[in-house]
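Here's the letter readout for the chains.
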Amino acid sequence: MNIDLKKYLNNYNDLISSDSIEDKLPVVKDLVIKTSTNKKNIYVFGNGGSAAIADHFAVDMTKNARINTKTVNTAAMITCLANDYGYEHWMKKSLEFYAKEGDIVFLISSSGSSMNVLNAANYAKNNGIKVITFSGFNPNNPLRESGDINFWVNSKAYNIVENIHQIWILSIVDLIIGKSEYSAS
């Protein structure tokens with residue numbers, strides 16, 4: 001089966017501009033800046049490809065936007081907490097150990113139904129931690145219903161959902177630093 005590349009790329013373009021993105025991204029940017037100014041912390045979590053996006057976002061926020069953003073997606077931390085508390089609780093336990101009221105947690109899950117992500121969202125909501133979610137697949141997925149601000153991609157394809165999540169979340173960095181174009185020089 002051949003992919004109609006033009007149709008495929010146009011689909012990306014349509015999805016990237018959906019979900020009231022132009023309204024939500026500036027709100028998240030302002031919330032992140034306010035949280036950082038108030039000396040509160042920003043955390044970001046995901047599984048698999050979403051963990052890679054979380055790491056990329058944390059690095060770019062810290063290095064480029066100068067806003068300290070943390071992720072604990074190390075093999076040692078995940079296996080320690082998963083071994084002691086169960087895989088479905090490792091993100092929640094990380095928040096218990098590190099996060100405080102007034103912090104922000106970004107939770108990324110293509111399906112929006114990973115129990116470890118949902119447990120983290122529930123813990124955060126019950127402890128005064130703002131929750132920003134990125135999900136896809138089912139429009140009524142439980143993660144999308146768990147956040148203070150929710151981003152959702154209308155696709156059931158992992159690569160499409162994850163690529164759009166990456167574009168949206170890294171756009172927050174660009175909004176903070178005030179750059180919309182980059183050059184190679």
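Structure's up top.
Residues numbered from 1 in each chain as written. Predicted model: local features only at pLDDT ≥ 70, side-chain atom pairs only at ≥ 80, totals over all residues. Heavy atoms only, no water.

What follows concerns the overall build of the chain. Counting its secondary structure elements, the chain contains seven helices and five strands. Taking 2.2 N^0.38 as the reference for a compact globule, 185 residues should give roughly 16 Å; the C-alpha atoms of the chain span a radius of gyration of 16 Å, in line with that estimate. For the chain, the residues scored as buried account for 46% of the 185 residues in total. When the accessible surface of the chain is summed, it comes to about 9600 Å², and 51% of that surface belongs to carbon and sulfur atoms. (Helix = DSSP H or I, 4+ residues; strand = E, 2+ residues; numbered from the N terminus. Rg over C-alpha atoms; globule rule 2.2 N^0.38 Å. Buried < 20%, exposed > 50% of the residue type's maximum accessible area, 1.4 Å probe, protein only. Areas by Shrake-Rupley, 256 points an atom, 1.4 Å probe, with all protein chains shown as cover.)

Relative to the assigned elements, Ile149 resides in strand β5 (residues 149-152). Judged by relative accessible area, Ile149 falls into the buried class, the value being 14%. Sequence-wise, Ile149 and Ala120 are 29 residues apart; in three dimensions their C-alpha atoms are separated by 15 Å. In contact with Ile149, other than residues within four places in its own chain, are Lys24, Val27, Val28, Leu31, Val131, Ile132 and Thr133. (Contact = heavy atoms within 4.5 Å.)

Turning our attention to the pairing of strand β1 (residues 42-46). The element β1 is largely enclosed, with a buried count of five among its five residues. Relative to strand β2 (residues 69-70), β1 is paired through two bridges, and the arrangement is parallel. The partner of Ile42 across the bridge, within β2, is Thr69. The handedness of the β1 to β2 crossover, carried by helix α3 (residues 49-63), is right-handed. (Pairing = 2+ DSSP bridges. Right-handed = clockwise from strand over helix to strand, strands pointing away.)

Let's shift gears to unusual backbone geometry. For Arg66, which is not glycine, the phi torsion reads 60° and is therefore positive. By relative accessible area, Arg66 is classed as exposed at 67%.

Right, let's talk about the sheet that holds strand β4 (residues 130-135) for a bit. Spatially, β2-β1-β3-β4-β5 is the arrangement adopted by the five strands of the open sheet, whose pairing is parallel. Looking at the sheet topology across the chains shown, the edges are occupied by β2 and β5.

Quick look at the pattern of salt bridges now. Enumeration according to the criterion identifies four salt bridges in this entry. We note a salt bridge from Glu96 to Lys92, for which the minimum N-O separation is 3.2 Å. Here Glu96 pairs with Lys92, and both are found in helix α5 (residues 90-98), just four residues apart, close to one helical turn. For Glu96, the salt bridge identified is with Lys93, shortest N-O distance 2.8 Å. (Salt bridge = Lys/Arg side-chain N within 4 Å of Asp/Glu carboxyl O.)

Further remarks concern the side chain of Thr69. Structurally, Thr69 can be placed in strand β2. Every residue in contact with Thr69, bar those within four places of it in the chain, is listed here: Ile42, Val44, Phe57, Ala58, Met61 and Thr62.

All right, on to a nonpolar patch on the surface then. There is a patch of nonpolar side chains on the surface, built from Tyr85, Phe97 and Tyr98 and spanning about 310 Å² of accessible area. Summarising the element assignment, Tyr85 is placed in helix α4 (residues 75-85). (Patch = residues over 30% accessible without salt bridge, like charges linked within 9 Å, V, L, I, M, F, W, Y side chains within 5 Å.)

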